[in-house]
Amino acid sequence: MILSASRRTDIPCYYAEWFMRRLREGYALTRNPMNHAQISRIPLNRDVVDCIVFWTKDPHNLLPYLDELDSMGYPYYFQFTLTPYDQSIEQVRPKVDIEETFIALSQRIGKDRVLWRYDPILLNEACTIDFHKAQFERLCKKLSPHTEKVTVSFIDTYKKNKSANIREMTMDEIEILAESIGLTAKKYGLSAVACCEKLNLSPYGIEKASCIDQKTIEKLCGYPLNIKQDKNQRVDCGCIESIDIGAYNTCLNGCVYCYATASLATAQKNHALHKPENPLLRGSAKEGEKVVERKVKSHR
């Protein structure tokens, strides 16, 4: 089993203590996001977990647990999103501090296990093409000694992010940025890949991404995996199968473009229901609710 922690919320930033308790106790409970009454018990024993993939904008709260995590023997790596946006777009710690956390994490676990995401790329009055060109190069220069890959995507606009004056990108704008990104990443020795993009960006040196990537995980595990592509993701997703133990509407990063959080107020309300000792990330199972054991296995 590949454990995803998590596409639905920032577990390393806000739920690190809960996550480590779940590993110690060997299981977590998750609600089906499409059917709230369905609760699954997910075994998290080392013999069934092939690898953990962390998704985060700021893992500083998980760093104190890395020695313990390593002692448990779980292979893991990070998808670390680091963009140049201010608090009108993402309500996180000062970016200069998060950049230092990125470097510290890489120095601690190795640059091959900290994969940078400049994602999503959006345009508004402040975030122009020239802004992205300058900021992407600045971050490449600073982070390239501490990572090997950068993942990009171009934002899909919908009702929520239109309210933040985020506008549709034209094909010409995407091509201009893709060309600049490809050349800049190459200049700093980074492999550039695109997440869930329908467009073929390979002419600009940007290949298709596989964020939960079989080759990366096999290298960390030290053995081949018998595993399929993840049919539960978007059509253009290159990821292999995983199980996510996060919960929607629980992330406090306040990203205006986020598909996993309806609003910051909703996330704050749900976060208030969180108790690190509970097997569920949000709230607890009610009396009479049925919990079903999820059948999982190693893909070795």
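Structure first, text after, so check above.
Residues numbered from 1 in each chain as written. Predicted model: local features only at pLDDT ≥ 70, side-chain atom pairs only at ≥ 80, totals over all residues. Heavy atoms only, no water.

Inspection of the secondary structure assignment puts D10 in the loop between β1 (2-5) and α1 (11-14). There is a polar contact of 2.7 Å between the side chain of D10 and the side chain of T56. Engagement of the side chain of D10 in a polar contact is seen with the side chain of N253, the distance being 3.1 Å. Aside from chain neighbours lying at most four places away, what touches D10 is Y15, W55, T56, K57, D58, C251 and N253. (Helix = DSSP H or I, 4+ residues; strand = E, 2+ residues; numbered from the N terminus. Polar contact = N/O pair within 3.5 Å; in protein donor to acceptor, adjacent residues only side chain to side chain. Contact = heavy atoms within 4.5 Å.)

Pairing is mixed in the open sheet, where 3 strands are placed in the order β2-β3-β11. At either end of the open sheet lies a strand with only one pairing partner, and these are β2 (27-32) and β11 (291-293). Taken over all neighbouring pairs, the strand axes of this sheet differ in orientation by 30° on average, direction set aside. Pairing between β2 and strand β3 (residues 35-43): 6 bridges, direction antiparallel. By the bridge assignment for β3, L29 is matched with R41. (Pairing = 2+ DSSP bridges. Axes fitted to C-alpha atoms, helices over the stretch in contact; angles between N-to-C directions.)

With that settled, the discussion passes to the packing of helix α5 (residues 129-143) against helix α7 (residues 171-187). Packing of α5 against α7 leaves a shortest axis separation of 10 Å and a crossing angle of 15°. Classified by the interaxial angle, the pair formed by α5 and α7 is roughly parallel. Crossing angle aside, the handedness with which α5 passes α7 is right-handed. Contacts from I129, H132, K133, F136, E137 and C140 of α5 reach α7 at E173, I176, L177, S180, I181, T184, A185 and K187. Here the residues of the contact of α5 with α7 sort into 7 nonpolar, 3 polar and 4 charged. (Parallel < 35°, antiparallel > 145°, perpendicular 65-115°, else oblique. Left-handed = near helix turned anticlockwise from the far one by under 90°. Nonpolar A, V, L, I, M, F, W, Y, C, P; charged D, E, K, R; others polar.)

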